[in-house]
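What follows is the residue order along each chain.
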Amino acid sequence: MRIEQLEARHLLAISPLPAFVPAVESLGSLVYRTSAADRLDSAGQTDSFSLALDANQLLSITARPLSAEGLTPRVELSDPAAQLVASADAGSPDAAALVQTQPTSAAGTYRIDVTSLAGGGDYELVVRAGAAVEAESVGGASNDGIASAQSLAATSVLLPAGADRLAVSGRLDGSADVYAFDLTAGQHAQLALARDDAAPLFSAPEGLIVAGKPAGVALGDMNGDGRPDIVTANQGIFPIVGEVSVLLQNADGTYAAPQSTAVGDRLFAFSLGHFNADAHLDVVVASYDLDNVTVMFGAGDGTFSSTLD
């Protein structure tokens, strides 16, 4: 019996990417994204992903190392017929590979391969539909001035009435980012800026309880620590008369419990300012029922040293 040695073969597992979700809060942006994170341990290793796409979609695909371990990624896009349609290599270890504004020619399931050309490490794969990616944000050419502005022409999506829409996903890092597009005589443009990960611009609200029906609120540094404190003018709830409450801001951005001082009745207007010769912030309030105005002189610690009617 003759025994022949078989060739070593590797079965390539293909992981489906999550469905596209809007990349920004406004659905009218026509920008969508999906992503996955994984790890390549050594040169030559490949991870493959599948994604169902329509014809004439515009894709920008980024494979970005997440750790400084020397990974040099390559990203490739293949069509439903398994034909390679786009490929990009990172320019250096730990840099991103970017396939920029690649249109899809046919509907079907596309494959995206992420391969290590050198080294290994964790990475994130992000696929955006309908937008370019700022080249500078992934280690490409700078777009910090008019002369080096990144063109958005390839991102055009036709809209009704002869309009079109352009889009780019970038990163604000303290310097200006400049983009270019063409307008004919008489055309106008509307610009919008939003986060491209659908995350809220603010964290969940934190409620602060101030008794006595607050009628107004202002911000000012009431204790000289450089942080904005909250001052409220409260109308009062019988039998409590009007009050001014001061909530001092802590170093972590939270606020201490209110310090309240009784003043007037049914306060309806107030303001912060300097009304004497010291450096402490003062408060002036108007009392509806008493028909008068009261100046409250700040003591520099969030309380008041005296008042003047």
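Here we summarise the structure given alongside this text. (Residues numbered from 1 in each chain as written. Predicted model: local features only at pLDDT ≥ 70, side-chain atom pairs only at ≥ 80, totals over all residues. Heavy atoms only, no water.)

**Quick notes on the overall build of the chain**
Applicable threshold: Strands here mean DSSP runs of E at least two residues long; helices mean DSSP runs of H or I at least four residues long; both are numbered from the N terminus. What the globule rule says is 2.2 Å times the number of residues to the power 0.38, and the radius of gyration is computed from C-alpha atoms. The buried label applies to any residue whose accessible area, calculated with a 1.4 Å probe on protein chains only, is under 20% of its type's maximum; exposed applies above 50%, and partly exposed to all values in between. The contact definition used throughout considers only heavy atoms, calling two residues in contact when any of these lie within 4.5 Å. Areas reported here follow the Shrake-Rupley algorithm with a probe of radius 1.4 Å; residue values treat only the protein chains shown as occluding.
A count of helices and strands for the chain gives 0 helices and 24 strands. A globule of 309 residues ought to have a C-alpha radius of gyration of about 19 Å, yet the chain, at 30 Å, is considerably larger. In terms of principal-axis extent, the alpha carbons of the chain reach across some 110 × 60 × 40 Å. Counting over 309 residues, the chain shows a buried share of 36%. In the chain, 57% of the contacts between residues at least 6 apart in sequence involve partners at least 24 apart. As displayed, the chain has an accessible area near 17800 Å², and 55% of this comes from carbon and sulfur atoms.

**Some details on the sheet that holds strand β3 (residues 32-40)**
To keep things clear, this is the line we draw: Two strands form a pair only when DSSP identifies at least two bridges running between them.
An order of β2-β3-β10-β5-β8 is seen for the 5 strands of this open sheet, with the pairing classed as antiparallel. In the strand order of this sheet, the two ends are held by β2 (21-22) and β8 (97-103), each with one partner. Two strands pair when backbone bridges link them, and strand β5 (residues 58-65) and strand β10 (residues 121-129) are joined in this way by 7 bridges, in the antiparallel orientation. In the sheet register, Ile 61 faces β10, and the bridge partner there is Val 127.

**Overview of the sheet that holds strand β24 (residues 304-308)**
Test applied: Simply put, an axis is a line fit to the C-alpha atoms, just over the touching stretch for a helix, and the angle between two N-to-C directions goes from 0 to 180 degrees.
Strand order in the open sheet formed by 4 strands is β21-β22-β23-β24, and the pairing between neighbours is antiparallel. Across the chains shown, the open sheet's two edge strands, defined by having one partner strand only, are β21 (267-273) and β24. Sheet twist, expressed as the mean angle between neighbouring strand axes with direction ignored, is 20°. Here 6 bridges tie β21 to strand β22 (residues 282-287), and the two strands are oriented antiparallel to one another. Each residue of the ladder has a partner; that of Ala 269, found in β22, is Ala 286.

**A look at the side chain of Asn 143**
Looking at the secondary structure, you find Asn 143 in the loop between β11 (132-133) and β12 (150-151). Non-local contacts of Asn 143, meaning those with residues more than four positions away in its chain, are made with Glu 134, Glu 136, Ser 148, Ala 149, Gln 150, Ala 176, Asp 177, Val 178 and Tyr 179.

**With respect to the environment of Ser 169**
Relative to the assigned elements, Ser 169 resides in strand β15 (residues 168-169). For Ser 169 and Gly 253, which are 84 residues apart along the polypeptide, the C-alpha to C-alpha distance reads 30 Å.

**Considering the pairing of β24**
Each regular strand carries side chains that alternate between the two faces of the sheet. Sheet topology places strand β23 (residues 292-298) next to β24; 4 bridges connect them, and they run antiparallel. Bridge pairing in β24 links Met 296 to Thr 307. In sequence, β23 turns back onto β24 through a hairpin of 5 residues, with Gly 300 there showing a positive phi of about 90°.

**Comments concerning the pairing of strand β7 (residues 84-89)**
Pairing geometry for strand β6 (residues 72-78) and β7, over 5 bridges, is antiparallel. Residue pairing for β7: Arg 74 is matched across the bridge by Asp 89. What sits between the antiparallel neighbours β6 and β7 is a turn of 5 residues, in which Ala 82 has the positive phi angle 65°.

**Some points on the nonpolar core**
The line we're drawing: Note on terminology: a nonpolar core comprises buried Ala, Val, Leu, Ile, Met, Phe, Trp, Tyr and Cys residues joined through side-chain atoms within 4.5 Å.
In this structure, Leu 17, Ile 61, Val 75, Ile 112, Leu 125 and Val 127 are the most contacted members of the largest nonpolar core, which totals 25 residues. For this core, the secondary-structure elements that each account for two or more residues are β3, β4 (46-53), β5, β6, β7, β8, β9 (108-118) and β10. The element best represented in this core is β10, accounting for 4 residues. The contact partners of Ile 112, leaving out residues within four places of it in the chain, are Leu 17, Asp 47, Ser 48, Phe 49, Ile 61, Val 75, Glu 76, Leu 77, Leu 125 and Val 127. Residues Met 222, Leu 248, Val 283 and Val 285 belong to the second largest nonpolar core, which totals 14 residues.

**Re the side chain of Ser 60**
Test applied: Any pair of N or O atoms that falls within 3.5 Å is considered a polar contact. Within protein, one atom must be able to donate a hydrogen and the other to accept it, and sequence-neighbouring residues count only if both atoms are side-chain atoms.
Tracing the sequence through the fold places Ser 60 in strand β5. Judged by its relative accessible area of 0%, Ser 60 falls in the buried class. Here the side chain of Ser 60 touches Thr 101 through a polar contact of 3.1 Å, landing on its backbone nitrogen. Ser 60 has contacts with Val 99, Gln 100, Thr 101, Val 126, Val 127, Arg 128, Ala 131, Ala 132 and Val 133, leaving out every residue within four places of it along the chain.

**Regarding unusual backbone geometry**
A positive phi angle, near 60°, is found at Leu 30, a position not held by glycine. In this fold, Leu 30 is placed in the loop between β2 and β3. Phi at Thr 101 is positive, roughly 45°, even though this residue is not glycine. Among the secondary structure elements, Thr 101 is positioned in strand β8. Among the residues examined, Thr 101 registers a relative accessible area of 16% and is labelled buried.

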